[in-house]
Protein chains: 2
Amino acid sequence: MGKTLRDTGKGAAATATAKLRHAGLRPTRQRVELASLLFKTCDRHVTAESLHDEVAGAGVKVSLATVYNTLHQFTEAGLLRQVIVDASRSYFDTNTGDHQHFFLESEGMLIDIPGETIAVAGVPAPPPGLSVDRVDVVVRVKRA
Amino acid sequence: MGKTLRDTGKGAAATATAKLRHAGLRPTRQRVELASLLFKTCDRHVTAESLHDEVAGAGVKVSLATVYNTLHQFTEAGLLRQVIVDASRSYFDTNTGDHQHFFLESEGMLIDIPGETIAVAGVPAPPPGLSVDRVDVVVRVKRA
DNA sequence: CAACGGATTAGAACGATTCTAAACTGTGAG
DNA sequence: CTCACAGTTTAGAATCGTTCTAATCCGTTG
Ligand SMILES: [Mn+2]
Ligand SMILES: [Mn+2]
Ligand SMILES: [Zn+2]
Ligand SMILES: [Zn+2]
């Protein structure tokens, strides 16, 4: 058995713990559990509720408040990024690099578009006193 | 006194009434009032609460529920468009044409960027079964 | 000037998120 | 290894934007 790209068993916890320590976050049971789920596979887009359901489904008990706390702490630590596409739910993205999204509103689904794929040209200089923080592109898609 | 670009006095109500009739909406006192405020000047970005405050400030009593109802009805009628840039508030835009936005989160301020100004190239074909509904660009800006 | 169906409204309800304050636990010192 | 403390978790309450309910109101049409 060779070493896979990402740990998926006991090793996941060790990886998550290291990641948390590196980010200056105490590796508590809950944070290790959530980090293991979030960073096990490559790119994920979760809501607080979807992650809460997922961790519960894995037989681990973590309160919803802790899921919210953790998502925000991970975001501040640069491990996640928040994506605003829907008026009623916040999404968190494990891909913190430069990229854009397809958004299928009817399913609440986000799909990554690599950063180099899309080029945004002609962004005017912002009004005096303001500077560009970042440019978000959301390609809203519909069924059929 | 010459005729100005937009009515700002008694004429505003007549203009608004015509606009409502044309959109198939009964011109009630509340809708005429709100339409007058919204379409008096060229382009506006409002939230339900900002519009509610504004109409109240003008000495007219309109319930918050009616403001919400009206914003949605105007949106369905194509008189407004909804803009999603903030996780906690919905914005409505009197500019329904093709254009993009600067968003200054700290002030909750939206600034239009004309549609021809920005070019988005390289949008990939959406996954099978999906079609592009529209492409939104949000240029998030910060102070200084 | 009815009378009818759509519109308005106060207030309750909702759903996502945040807060509170009390119980718990990772950590590092001793 | 144990203790103590600061940081963390949590249940439940609170917030807040938005939507719903069902009673009242009013624009339109005959
Ligand atoms: Mn939505
Ligand atoms: Mn915000
Ligand atoms: Zn993404
Ligand atoms: Zn606009």
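Refer to the structure presented above.
Presented here is a report on the structure given in the accompanying data block. What you see is a predicted model; the values in this text were computed from it and never measured.

Overview of the coordination of the zinc ion (ligand 4)
All names here are of chain B.
For step 1, the next point in the chain: Looking at the zinc ion (ligand 4), one finds its protein donor set to be His45 (NE2), Asp93 (OD), His99 (NE2), His101 (NE2) and Asp112 (OD), positioned 1.9 to 2.2 Å from the metal centre.
For step 2, the next point in the chain: Here the donor residues of the zinc ion (ligand 4) are spaced in sequence according to H-x47-D-x5-H-x1-H-x10-D. Placement of His99 in strand β4 (residues 99-104) and of Asp112 in strand β5 (residues 109-114) is noted, with a sequence separation of 13 residues between them.
For step 3, the next point in the chain: Since its relative accessible area comes to 3%, His99 is described here as buried.
For step 4, the next point in the chain: Assessed through its relative accessible area of 22%, Asp112 is described here as partly exposed.

A closer look at the protein's contact with DNA strand D
For step 1, the next point in the chain: Around DNA strand D, the structure places 21 residues, and the nearest of them are Thr28(A), Gln30(A), Arg31(A), Thr66(A) and Tyr68(B).
For step 2, the next point in the chain: Looking at DNA strand D alone, sugar and phosphate atoms form 85% of those within 4 Å of the protein.
For step 3, the next point in the chain: In the environment of DNA strand D, a phosphate oxygen lies 2.4 Å from a nitrogen or oxygen atom belonging to the side chain of Tyr68(B).
For step 4, the next point in the chain: When contributions to the surface near DNA strand D are tallied by element, the ones reaching two or more residues are α2 (29-40) and α4 (64-76) of chain A together with α4 (64-76) of chain B.
For step 5, the next point in the chain: Counting residues per element, the surface near DNA strand D draws most heavily on α4(B), which supplies 4 residues.
For step 6, the next point in the chain: Looking at the surface near DNA strand D residue by residue, the classes come out as 6 nonpolar, 8 polar and 7 charged.

Rules of the game
Residues numbered from 1 in each chain as written. Chains lettered and ligands numbered in written order. Predicted model: local features only at pLDDT ≥ 70, side-chain atom pairs only at ≥ 80, totals over all residues. Heavy atoms only, no water. Donors = N, O, S within 2.8 Å, 3.2 Å for Na, K, Ca; no water. Helix = DSSP H or I, 4+ residues; strand = E, 2+ residues; numbered from the N terminus. Buried < 20%, exposed > 50% of the residue type's maximum accessible area, 1.4 Å probe, protein only. Near = heavy atom within 4 Å. Polar contact = N/O pair within 3.5 Å; in protein donor to acceptor, adjacent residues only side chain to side chain. Nonpolar A, V, L, I, M, F, W, Y, C, P; charged D, E, K, R; others polar.

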